[in-house]
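Chain residues, written in single-letter form:
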Amino acid sequence: MTYSIVQALLVGLWAAFCFAGQQWGIYTNRALFISFGIGLILGDLQTAVVFGATAELAFMGFGVGPGGSTPPNPLGPGVVGTIMAISISGLKPAAALSLSYPFAILIPFVITFIFSVNANNLAWSRKAIEEGKYRKFHFLANTTLLGFILFAFCFGFAATLSTSALKVFVQAIPQWLISGLTVAGGLLPAVGFALIMSTMAKKEYIPALILGYVCVAYLKMPVIGLAFAGAVLAFNNYYNGRRADKNKGGSTSTNDLGSDGDEGGIEDGI
């Protein structure tokens, strides 16, 4: 399956907008959001959303960068993985995620390169302000964002026009390896959740984790039902916490009073 230049341009523009969201702080650089737009452009929204949901489960955890490390970026699988899942018949979303995951590791290097190229922009921007060259300052202040947009556009455009090459590459892979990549791709969401648990798990949350496991494994509860159950627990903890804070505040104010209800009871007793 091949796509037109117009579709490639639209995918490039969509990828640029989504990747720019990483700088704007609007969280458009998520696998599900990227896949949704590409599915609309390429005409297979269902496959795109299924792949995006699979990738999103993995990148919920991979978005957590331990220490100063740079986590894998969802733009690569969001663009390349979605195109592969739509274009190559018989390729499961989990296998497409595994095949496109190297791009998730490659893109952080590009991000680091863009930041390195613009490392001296602060000094140049200060000098431009001192000289009254505000247009130059405005340009320098946005060069990092422009670098993100340019790279993402070229990446999305090239990935869309390279569909035939991607298809040939995937068809050359043995079936046993495709099966293994499918299993590995299915495990990536579990690895993502494990990363979340390693940074967020507390002993207070263990009962909720056990309850969620019982609901899914034994009661066969769907994800929506599990989300409602989690919301109930969250609201319960929230209101119990507020009630405890209120009682603590009330007891503190009462203890500040003397035994007869007047302030400074000790001095009065003396």
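Quick caveat, the model's predicted, so the values are computed rather than measured. (Residues numbered from 1 in each chain as written. Predicted model: local features only at pLDDT ≥ 70, side-chain atom pairs only at ≥ 80, totals over all residues. Heavy atoms only, no water.)

Enquirer: Pulling in residues and values, what's your account of the overall build of the protein?
Expert: Each helix and strand counted, the protein has 13 helices and zero strands in total. Helices and strands in the protein line up, N terminus first, as α-α-α-α-α-α-α-α-α-α-α-α-α. The buried share of the protein, taken over its 270 residues, is 33%. Residue pairs at least 24 apart in sequence account for 74% of intrachain contacts in the protein once pairs closer than 6 positions are excluded. As displayed, the protein has an accessible area near 16300 Å², and 68% of this comes from carbon and sulfur atoms. (Helix = DSSP H or I, 4+ residues; strand = E, 2+ residues; numbered from the N terminus. Buried < 20%, exposed > 50% of the residue type's maximum accessible area, 1.4 Å probe, protein only. Contact = heavy atoms within 4.5 Å. Areas by Shrake-Rupley, 256 points an atom, 1.4 Å probe, with all protein chains shown as cover.)

Enquirer: Let's hear about the UniProt feature "transmembrane region" (unreviewed entry) in the protein: which residues, and what values?
Expert: The positions UniProt marks with the feature "transmembrane region" (unreviewed entry) are residues 30-54, 101-119, 139-161, 173-196 and 208-235. In this annotation, residues 101-119 is assigned 89% helix and 0% strand; the end-to-end C-alpha distance for the span is 28 Å. The annotated region residues 139-161 carries 96% helix and 0% strand content, and the separation between its end C-alpha atoms amounts to 31 Å. (UniProt positions renumbered as here; feature names shortened; annotations may be inferred.)

Enquirer: Provide a residue-level description of the nonpolar core, including the pertinent values.
Expert: Among the nonpolar cores identified, the biggest contains 39 residues, and Phe19, Ile38, Leu42, Leu75, Val79, Met84 and Leu91 are the most heavily contacted of them. For this core, the secondary-structure elements that each account for two or more residues are helix H1 (5-24), helix H2 (31-42), helix H3 (45-62), helix H4 (75-87), helix H5 (93-117) and helix H8 (143-161). For this core, the element with the highest residue contribution is H5, accounting for nine residues. (Core = buried A, V, L, I, M, F, W, Y, C linked by side-chain atoms within 4.5 Å.)

Enquirer: Any chance you could break down the packing of H1 against H2 for me, citing the residues and the numbers?
Expert: Where H1 meets H2, the axes come as close as 10 Å, and the angle between the chain directions of the two elements is 165°. Considered as vectors, H1 and H2 are oriented roughly antiparallel to each other. You can see that H1 and H2 cross each other, and the crossing is right-handed. Contacts between H1 and H2 involve Gln7, Leu10, Val11, Trp14, Phe17 and Cys18 on the former and, on the latter, Phe33, Ile34, Gly37, Ile38, Ile41 and Leu42. In terms of residue class, the contact of H1 with H2 is made up of ten nonpolar, two polar and no charged. (Axes fitted to C-alpha atoms, helices over the stretch in contact; angles between N-to-C directions. Parallel < 35°, antiparallel > 145°, perpendicular 65-115°, else oblique. Left-handed = near helix turned anticlockwise from the far one by under 90°. Nonpolar A, V, L, I, M, F, W, Y, C, P; charged D, E, K, R; others polar.)

Enquirer: Give a detailed account of the pattern of salt bridges, specifying residues and quantitative values.
Expert: Overall, the coordinates contain two salt bridges when judged by the stated rule. Note that glutamate 56 and arginine 30 form a salt bridge whose closest N and O atoms lie 2.7 Å from each other. One end of the pair, glutamate 56, is in helix H3; the other, arginine 30, is in the loop between H1 and H2, and 26 residues separate them in sequence. Using a relative accessible area of 15% as the deciding quantity, one classes glutamate 56 as buried. Here lysine 133 makes a salt bridge to glutamate 131, at a shortest N to O gap of 3.3 Å. (Salt bridge = Lys/Arg side-chain N within 4 Å of Asp/Glu carboxyl O.)

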